Structures are given as C-alpha cells and as structure tokens.
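This is what each chain is made of:
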Amino acid sequence: MVYFGQTECYDKCSEILKKTLDIDIGHSQVNRITDTYGAELGKTISNTRTLSPVNSNEILYAQADGSMIFTRDSDWKEVKVGRIFKSSDCVDPNGKNSWIRHSQYIGYLGNCKQFSTQMDDILDDYGNLKNRLVFISDGATWIKNWIEDSFPDAISILDYYHALEHLSQFSNSYFKDKEQELIWLDDQKKLLLESQVSQVIENVRQIAPKEKIAQKLIAYFETNKNRMDYKSYKQIGCGIIGSGAIESAHRTLIQNRMKLSGQRWSVKGAKNMLNIRVTDMNKKWENVINLVKKDFRKPCLKKTG
C-alpha cells in the first residue's frame, strides 16, 4: 500500500490493489497508511551518503534546485531538491554521457539553510575532495553563496544552458532581424564554450550600451564570470556543464507524484510523501519494510465495530 501510494494518486492505488491482489481498500485508507509511514520515515532518515566512496580518479557531482508544489496552507511552495552522483556512474553505450546509473537524492520542503545543512552532512561524509567536488547550478544567489561558504575549494559551474537562456532573452529583445540574431547568438555560444565570457560581455556592451536588458545580462555574467570556464570544465570528470540531472530529478522525485492535476498538499502531507519518495529513489526501500516489521500500522487503521 505504501509503495503504490507513493507512485500513484490514492484513487488509482485502490484500483491497483483490487486488480492485483483482489483487496478492497478505499483511497482514504491508502492515504492514511502512506501518510503514517512517511511521517515515521521522517524520524529516521539519515543525512549520510548512500553511494560508495569516491576513488582518486573520480569526480563527485552535486546539483541543487527548487521545484514548486501547490499547497493548501500557502499556495505554491518550493521543495529544495538535491542530487549527488559520481563521474563513474555516468553511463552511455554510444559514447555520450546520457544517463546516471546511481544517484543520491535529497528533498526538503523548507528554508534553504536547513536544506543546505542536509547537503553539507552528506557531502562531508565523502571527505575533503577539494576540486574533485563539482557543483552545477543556476544563478540562484542562495546556492552560489552556500557553495562558496561551505565548499570554497570545490568547482562551482553556472549551468551553461541557463547562461544561454539569459543570453537568448537579451538577443530576442534586442534584434529585430531574426536571421541576424541567430548568427550573433551562435557566435556568442561558441565564445562561451571557449571560456571567452569577457568577450561576450564586451560584444553585448558594444551593440546595446544603454539598453537596460543588456545591463542586466552584463551584470549577471560579471557576477558569475568565475563559474563560466566551460572549456576547462569540459575536460574534467564527465565534461558535464549543464544541470540536466537535477531537472530530471524534479520530474522523477517531485512532479510525477506531487504535481498531478488538481492536487493540493498540506505542508505536513507533502513532507511525509517526500520522505517516501526520497527513500524509494535512493533504493532504501528496506527502511519501509523494517517499519512494517515494527508494525506502525495501528495508529492509522480504520476503527471497526
């Protein structure tokens, strides 16, 4: 019931249980059971690594971002999501790094300080990796500051595709001739991949010295210049310069279950569901089985008679 409850909406779970096990259980009961086990898991979730140690020839990647869910308590609320994986677990039979074999996921509905503390505990468990610890993130100030404060020797990369998004917003606003825009934009992309961010800044300044959107882009690139050495980043680990792994984590960890049509979560219920989702994604389902053996079901079973 707990497994089905964290993979499908509760109505669908009732249908699955009936068709697979010929058991009639209402969606409210599935809800109560799932919520109770999620709360219990929250008491025992440990902020320790689930992956094997990092070898001397490996890079440890860490990514973090926010994903919004709709709640009854405060409308849209952000779930902080983290994903940690090793370069040796980036696998592709065709020669490109297209999927990740093993990851550790972190999900937290709350403020960034508490989330970053969880990430700190897990990453510290790998020892001091220095520049073999690589962060890839967007331009969120809290993420940038957290990395600089907690892991000053790590490599911090501004997601290349996020940088391109800002660049494209400027070019789309500035250029009237779209063919000319595509040519200019393609040139800037090549410069960024060659770690020529200073030249890109100068090119933007030359064509739009007084435009507010140009000044905004220049300020953004200036702030993140030390995180945009993409030519160098492509030579280390798996050569990853984008945050596709964390975008995928949003879908698999959060959106596939917690952003279904019409859903509104209580903050408590969302946290409990998140506990189970993280447990399952981290391949720690034995933690749920251990709780079943301790029989935590009684508080949430329907009273009869």
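Attention here is on the structure that accompanies the text. What you see is a predicted model, and the numbers here were worked out from it, not measured in a lab.

1. Here's the deal with unusual backbone geometry
Right, on to step 1. Positive phi values are uncommon outside glycine, yet Asp22 reaches one of about 55°.
Right, on to step 2. Even without a glycine there, the phi angle at Ser195 is positive, about 65°.
Right, on to step 3. As for its position among the elements, Ser195 is in the loop between α7 (178–193) and α8 (197–207).

2. Considering the sheet that holds strand β7 (residues 155–158)
Right, on to step 1. Across the sheet, five strands lie side by side as β5-β2-β1-β6-β7; this open sheet has mixed pairing. Edge strands, defined here as strands with exactly one partner in the open sheet, are β5 (104–109) and β7. Averaged over all neighbouring strand pairs, the angle between strand axes comes to 25°, with direction disregarded.
Right, on to step 2. In terms of strand pairing, strand β1 (residues 60–71) meets strand β2 (residues 75–86) through twelve bridges, oriented antiparallel. Among the inter-strand pairings, Gly66 is bridged to a residue of β2, identified as Lys80.

3. Here we look at α7
Right, on to step 1. Along its 16 residues, α7 runs 23 Å from first to last C-alpha, staying within 8% of the 22 Å computed at 1.5 Å per residue.
Right, on to step 2. Turning to α7, its buried residues are Glu181, Trp184, Leu185, Gln188 and Leu192. Buried positions in α7, seen along its axis, are confined to an arc of 100° and lie on one side of it. Among the exposed residues of α7, those pointing more than 90 degrees away from its buried face are Glu179, Leu182, Ile183 and Lys190.
Right, on to step 3. The inward-facing, buried residues of α7 contact α6 (160–174), α8 and α10 (230–233).
Right, on to step 4. Of the residues one or two after α7, Ser195 is the one with positive phi, at around 65°.

Quick notes on the rules
- Numbering of residues begins from 1 in every chain and follows the order in which that chain's sequence is written.
- Note on the predicted model: pLDDT of at least 70 is required for a residue's local features to be given, and 80 or more for side-chain atom pairs to be given and counted; whole-chain, interface and lining totals, by contrast, use all residues.
- Values reported for side chains reflect all heavy atoms of the structure, with hydrogen atoms and water molecules removed beforehand.
- Comment: elements are numbered from the N terminus, with helices defined as DSSP H or I runs of at least four residues and strands as E runs of at least two.
- Strand pairing is defined by DSSP finding a minimum of two bridges between the two strands.
- With axes taken as lines fitted to C-alpha atoms, and helix axes fitted only over the stretch in contact, angles between N-to-C directions fall between 0 and 180 degrees.
- Expected span of a helix, by definition, is 1.5 Å for each gap between consecutive residues, and there is one gap fewer than residues.
- Note on classification: 1.4 Å probe, protein chains only; a residue is buried when its accessible area is under 20% of the maximum for its type, exposed when over 50%, partly exposed between these limits.
- Working note: the arc is built from the helix axis to C-beta atom directions.
- Only heavy atoms matter for contacts: two residues are in contact if any of them lie within 4.5 Å across the pair.

Remember that the coordinates give geometry; whether it matters functionally is a separate question.
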